[in-house]
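These are the residues of each chain, in order.
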Amino acid sequence: MNELVWIFVSALLINNFVLAYFLGLCPFLGVSGRLETSFRLGLATIFVMLITALCSWFLNTYILIHAPYLRLISFIVVIASTVQFIEMVIKKISPALFKALGIFLPLITTNCAILGLAIFATNKGYGLVEGLFYALGAGLGFTLAMVLMAGLREESEIAPVPRLIRGTAMNLIIAGILSMAFMGFAGLFSAA
Amino acid sequence: MAKAKPDAYQEFVKGLWRDNPVFAQVLGMCPMLAVTNTAVNALAMGGATFFVLVASSFLVSSLKSLIPKQVRISTYIIIIATFVTVTDFTLQAMVPTIHKELGAFIPLIVANCMILGRQEAFASRNTVRMAVVDAVGMASGFLFALFSLGAVREILGNGSLFGVDLFGPNFEPWVIMILPPGGFLTLGLLMLAFSWIVERKQRLAEQLAGLEPDVEVKP
């Protein structure tokens, strides 16, 4: 049990996918302009991450043992088809949610945090339950980083900043300061 | 300037500076920041991306008439994933130490949106030769950006370049630079420098509007 908590907290805070591993930076810098949309994208990402963890565990255990060189190709195909499938299911079951997620749902395919999750979980040799906790932690960590960033960006829009710095340069510097703050969590489990 | 094939030259230079994938288009950020804590790692990552981008651009533009429109994105991704797998195993066999340092970020080249972007935006609608030239330009621009970030971070964070000590024993390294926040901060400052140079150039060009458009601007 302790092990699972450690995996979860580590993926959520200490090794935050966005701020420590630099995964999923494209949505982090691209669509973090509004708090509302960032939060929704985060939720969709958590969902896809959980499904991916499940699928990659099945693939690893039953298929890739016989053909390890197919790992990358099969992961990316699974992620792409999962996203496609989820898109169809959500469209059928809840058109309102589908409309709310909009373009962000298909975009999740090219989010390297998802592929990174599958690869890291494989490299670390996680089982099914561990993998699911890892996915949940990573997804929540991604959402947390997105929401923090969106909040800061909404605030900084009304601040008097020189025109040259506005845009990506300023967002990166804000992300650097956020990342510095998250480094403080590194001491959280050092005693253990 | 190569007068004989001005188009190819334009495509090449475009990727290197004006439409630099990192500084101007803000694509491919994830590998950009994750592996640039030393100049050697940055070069290895740039080299791997170079190979994948050029090879898949070549294949996509040769096969463009065979790929059905509806499944083109998945086809591109599978082509890219194949070349990334090749790169992954080659690096593992030839330079195991670097492969270990780059770790999971070699497979993650698949999700580099810069590569997929070039296939969709350029390779799938141009001739093989132009696609390769464009890929070489874009990949060189990416390599250039990776290297400048890696060099700055290694010099400040470790006091060395390519593992060679630069400042002697009295230099106190800025450890923050090789940690994640240093990556964000350095890239932010490099972006700032890039947009400053572009803006200066524009202003100068406006002042010299009567003269030739491609006047050399001294920094």
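Refer to the structure printed above.
For clarity, every value in this text was computed on a predicted model and none was experimentally measured.

J.: Please provide a residue-by-residue account of the packing of helix α3 (residues 39–62) of chain B against helix α4 (residues 72–94) of chain B, values included.
T.: Residues and elements named next belong to chain B. At their nearest, the axes of α3 and α4 sit 9 Å apart, and the two run at 140° to each other. Judged by the sense of rotation from one axis to the other, the crossing of α3 with α4 is right-handed. On α4, the residues touching Ala48, Phe51, Val52, Ala55, Ser56, Leu59 and Val60 of α3 are Tyr76, Ile79, Ile80, Phe83, Val84, Thr87 and Leu91. Looking at the contact of α3 with α4 residue by residue, the classes come out as 12 nonpolar, two polar and no charged.

J.: Please give an account of the packing of helix α7 (residues 128–158) of chain B against helix α9 (residues 180–207) of chain B that cites residues and values.
T.: Residue and element names in this part refer to chain B. Contact geometry of α7 with α9 gives a least axis separation of 10 Å together with a crossing angle of 125°. By the angle between their directions, the pair α7 and α9 is classed as oblique. Once α7 is placed against α9, the crossing between them reads as right-handed. Along its contact with α7, which presents Ser148, Leu149, Val152, Arg153 and Gly157, the element α9 presents Gly182, Gly183, Thr186, Leu187 and Leu190. Taken together, the residues of the contact of α7 with α9 break down into four nonpolar, five polar and one charged.

J.: Explain the nonpolar core to me, using residue names and the numbers behind them.
T.: It is characteristic of soluble globular proteins that their nonpolar side chains tend to be buried jointly. Core analysis: the largest hydrophobic core is formed by 110 residues, its most contacted members being A:Leu115, A:Leu117, B:Cys30, B:Ile80 and B:Val110. Of the residues forming this core, the biggest block, 12 residues, is contributed by helix α8 (residues 128–156) of chain A. Discounting chain neighbours no more than four positions away, the residues touching B:Cys30 are A:Phe22, A:Leu23, A:Leu25, A:Cys112 and B:Leu108.

J.: With reference to specific residues and values, describe the environment of A:Thr52.
T.: All names here are of chain A. Turning to its location among the elements, Thr52 is positioned in helix α3 (residues 35–63). Under the C-beta neighbour-count criterion, Thr52 is labelled buried, with 24 such atoms within 10 Å. Along the sequence, Thr52 and Asn16 sit 36 residues apart, while their C-alpha atoms lie 18 Å from each other. With sequence-adjacent residues up to four places away left out, Thr52 is seen in contact with Ile79, Thr82, Ile114, Leu117, Ala118 and Ala135.

Rules and cut-offs
- Residues numbered from 1 in each chain as written.
- Chains lettered and ligands numbered in written order.
- Predicted model: local features only at pLDDT ≥ 70, side-chain atom pairs only at ≥ 80, totals over all residues.
- Axes fitted to C-alpha atoms, helices over the stretch in contact; angles between N-to-C directions.
- Helix = DSSP H or I, 4+ residues; strand = E, 2+ residues; numbered from the N terminus.
- Left-handed = near helix turned anticlockwise from the far one by under 90°.
- Contact = placed C-beta atoms within 7 Å.
- Nonpolar A, V, L, I, M, F, W, Y, C, P; charged D, E, K, R; others polar.
- Parallel < 35°, antiparallel > 145°, perpendicular 65-115°, else oblique.
- Core = buried A, V, L, I, M, F, W, Y, C linked by C-beta atoms within 7 Å.
- Buried ≥ 20, exposed ≤ 12 C-beta atoms within 10 Å, placed from the backbone.

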